[in-house]
Amino acid sequence: PSFKLSYYNEYKSYLSVTMAEPFEEDEELTIENDAVMTKYKTAGEISNLVLKAVIGEVIPGASVIKICEFGDKYILDETAKHYKKDKNLKKGVAFPTCISINEVVCHFSPLRSDPDVLVHEGDLVKIELGVHIDGYAAVTAHSLVVGHGVDNPVSGAKADAILAAHHAAEAALRLLKAGNTNKQISDTIQKITESYKCTPLEGMLSYQIQKYQTEADTDKQIVLNPTELQKREIKDFEFAVHEVYAMDVFVTSGSGKTKEKDTPTTVYRRTDEVYQLKMKASRAFYSDVCNRFTLMPFTLRAFEEETKAKMGLKECVTHELLQTYPVQQDSDGSPVAQFKYTVLIVPSGNIRINGGLFNPATCKSEHAIEDKEILSLLAQSANRKAGGKKKKKKAKSAVEEAKSEAQ
């Protein structure tokens, strides 16, 4: 978009750089371009590297604040190793590390000044984070129950929610191909969650990703358990070659309703609104946001002077220069599981560039998928290239997992 800079004299020192930069390309490049494909894959590799490391930090007695700081620092350290010669290329956190426990759904990424929250054995922990290279983002999320593994699998409502979310995400991966539709995925996920006596969280979105763009910027959305308003507004569409999607599955053993948690919001994202800020602190804060985070979500924890950042934040939020990401929780207090990955749709199928770290043997449920069509779908190879004994064996194990969990 073009901005009338004459009206915003106080912004001249930074608008020409920070506001215009994400929009400087006239034509949106897709993964058909080798350079774009490489940037997505690099971001995906880094996100999984960081996710594995963060999983290792989630142990009894661990501090949630320290885990979040660890994840964000790891992202910055790893992205700094790539594209060093291009000084103008932005890279780093595409979504700050969030650690949401049990009934807390998402966006819990506390500040250093907040009361510390500790991880306890038996907690269902959701880890969410994102990495971007030049605005091309790879986002991911993973669920685990602390203190449980293959040798002592978790059972009950937490296991039901996790297994339902896992299989729903795996089924979606096999459907995220050119020619299939968003409704196919929504309907399949609904059936899988019902098999485990669970429910997808109402209104949660998966969405098309483009450069510097997230769910708020696209009409191509996959809605789980849609609200009445979403049923009227969300359009059915077919997936197309060279599109990129963030597949995000939330499942609860409760009713599927959510509400805002009584916890301060700490995650924000810049919008494309324009307003002449009045306070000096607000202008300095917003300039810093534009320069450091472009259009990617960020946490206030990233600012060394937290008090000063909070001073500048209020006016920016009031005038909608920043989008808020409130902490959400399950309305019933039921445990919530989440799996999220980024997938590239290519002519031969698709490529999942992150996620896929969960081992179903860590959970045991008295429920199982019985729908033959879904079992057949899960039996398909998730790899874009069919064939090969090893891949056939993996495909077989996927359906065996779904059949054997109740045993």
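Refer to the structure above for everything that follows.
Here we summarise the structure given alongside this text. (Residues numbered from 1 in each chain as written. Predicted model: local features only at pLDDT ≥ 70, side-chain atom pairs only at ≥ 80, totals over all residues. Heavy atoms only, no water.)

**Quick look at helix α7 (residues 280-293)**
Residues spaced three or four apart along an α-helix face the same direction, because each turn holds 3.6 residues.
Line of reasoning, step 1. Taking 1.5 Å per residue, 14 residues should reach 20 Å; α7 reaches 20 Å between its end C-alpha atoms and fits that length.
Line of reasoning, step 2. Backbone geometry just downstream of α7 places T294 in the positive-phi region, at approximately 45°. (Helix = DSSP H or I, 4+ residues; strand = E, 2+ residues; numbered from the N terminus. Expected span 1.5 Å × (residues − 1).)

**Describing the side chain of D134**
Line of reasoning, step 1. Relative to the helices and strands, D134 resides in the loop between β3 (124-133) and β4 (136-145).
Line of reasoning, step 2. Of the residues examined, D134 reaches a relative accessible area of 14% and is grouped as buried.
Line of reasoning, step 3. If near-sequence neighbours (up to four positions away) are discounted, D134 is found in contact with K39, L89, K90, K91, K211 and Y212. (Buried < 20%, exposed > 50% of the residue type's maximum accessible area, 1.4 Å probe, protein only. Contact = heavy atoms within 4.5 Å.)

**Quick notes on empty space enclosed by the protein**
Line of reasoning, step 1. Under the counting rule described, the total for this entry stands at two cavities of 30 Å³ or more.
Line of reasoning, step 2. For the second largest cavity, the full set of lining residues is H107, F108, S109, P110, D114, T263, P264, T266 and V327.
Line of reasoning, step 3. Looking at the lining of the second largest cavity residue by residue, the class counts come to four nonpolar, four polar and one charged. (1 Å grid on protein atoms, 1.4 Å probe; cavity = no way out; pocket = protein on both sides within 12 Å on 5 of 7 lines; lining within 4 Å. Points joined across faces, edges and corners; volume = space filled by probe spheres on them. Nonpolar A, V, L, I, M, F, W, Y, C, P; charged D, E, K, R; others polar.)

**What about the packing of aromatic side chains?**
Line of reasoning, step 1. On inspection of all chains with the given rule, the structure shows 12 aromatic pairs.
Line of reasoning, step 2. Judged by centre distance (5.4 Å) and plane angle (85°), the ring pair of F237 and F239 falls under edge-to-face. Take F237 and F239: they sit in the same class, and that class is buried.
Line of reasoning, step 3. Their ring planes at 10° and their centres at 4.8 Å tell us that F293 and F298 sit as a pair that is stacked. Accessibility assignment for this pair places F293 and F298 in one class, buried.
Line of reasoning, step 4. Cluster of aromatic residues (ring-pair linked, three or more members): Y268, F285, F293, F298 and F303. (Phe/Tyr/Trp six-rings, centres within 6.5 Å; stacked < 30°, edge-to-face > 60°.)

**Quick notes on the pattern of salt bridges**
Line of reasoning, step 1. Inspection of the entire model under this criterion finds 17 salt bridges.
Line of reasoning, step 2. Between D77 and K73 there is a salt bridge, with the nearest N and O atoms lying 2.8 Å from each other. Here D77 pairs with K73, and both are found in helix α3 (residues 64-79), just four residues apart, close to one helical turn.
Line of reasoning, step 3. Judged by relative accessible area, D77 falls into the partly exposed class, the value being 35%. (Salt bridge = Lys/Arg side-chain N within 4 Å of Asp/Glu carboxyl O.)

**Description of the sheet that holds strand β2 (residues 104-106)**
Line of reasoning, step 1. Pairing in this open sheet of three strands is antiparallel, and the strands run β2-β13-β9 from one edge to the other. A single partner strand is all that each edge strand has here, and the edge strands are β2 and β9 (258-260). Pairwise comparison of adjacent strand axes, ignoring direction, gives a mean angle of 40° for this sheet.
Line of reasoning, step 2. One ladder, built from three bridges, connects β9 with strand β13 (residues 328-330); its direction is antiparallel. Paired with K259 across the strands is Q329, a residue of β13. (Pairing = 2+ DSSP bridges. Axes fitted to C-alpha atoms, helices over the stretch in contact; angles between N-to-C directions.)

**With respect to the side chain of S186**
Line of reasoning, step 1. Structurally, the position occupied by S186 is in helix α5 (residues 182-195).
Line of reasoning, step 2. Classification of S186 by relative accessible area gives buried; the value is 17%.
Line of reasoning, step 3. When near neighbours in sequence (up to four residues on either side) are disregarded, S186 contacts I222 and V223.

**Describing the pairing of strand β14 (residues 336-346)**
Line of reasoning, step 1. Among the 11 residues in β14, 11 count as buried, and that is most of the element.
Line of reasoning, step 2. The side-chain alternation of β14 yields two buried faces, one formed by V336, Q338, K340, T342, L344 and V346 and the other by A337, F339, Y341, V343 and I345.
Line of reasoning, step 3. Two strands pair when backbone bridges link them, and strand β8 (residues 244-252) and β14 are joined in this way by nine bridges, in the antiparallel orientation. Counted as the bridge partner of V244 is L344 from β14.
Line of reasoning, step 4. Pairing analysis gives four bridges linking β14 to strand β15 (residues 349-352), with the strands arranged antiparallel. Bridging across to β15, L344 finds its partner in I351.

**Description of the packing of α7 against helix α8 (residues 306-318)**
Line of reasoning, step 1. Viewed as axis vectors pointing N to C, α7 and α8 meet at an angle of 90°, and their least axial separation amounts to 7 Å. By the angle between their axes, α7 is roughly perpendicular relative to α8. Two secondary-structure elements touch here, α7 through A281, S282, F285 and Y286 and α8 through A309, M311, G312, L313, E315 and C316.
Line of reasoning, step 2. Looking at the contact of α7 with α8 residue by residue, the classes come out as seven nonpolar, two polar and one charged. (Parallel < 35°, antiparallel > 145°, perpendicular 65-115°, else oblique.)

**Quick word on the sheet that holds strand β12 (residues 322-325)**
Line of reasoning, step 1. With respect to topology, three strands assemble into an open sheet ordered β11-β10-β12, the strand pairing being antiparallel. The sheet terminates laterally at β11 (298-299) and β12, the two strands that pair on one side only.
Line of reasoning, step 2. As defined by bridge partners, strand β10 (residues 267-270) adjoins β11 across two bridges and the pair is classed as antiparallel. Looking across to β11, one finds that Y268 is bridged to F298.
Line of reasoning, step 3. Across the sheet, α8 touches β10 and β12, and the angle it forms with β12 is around 100°.

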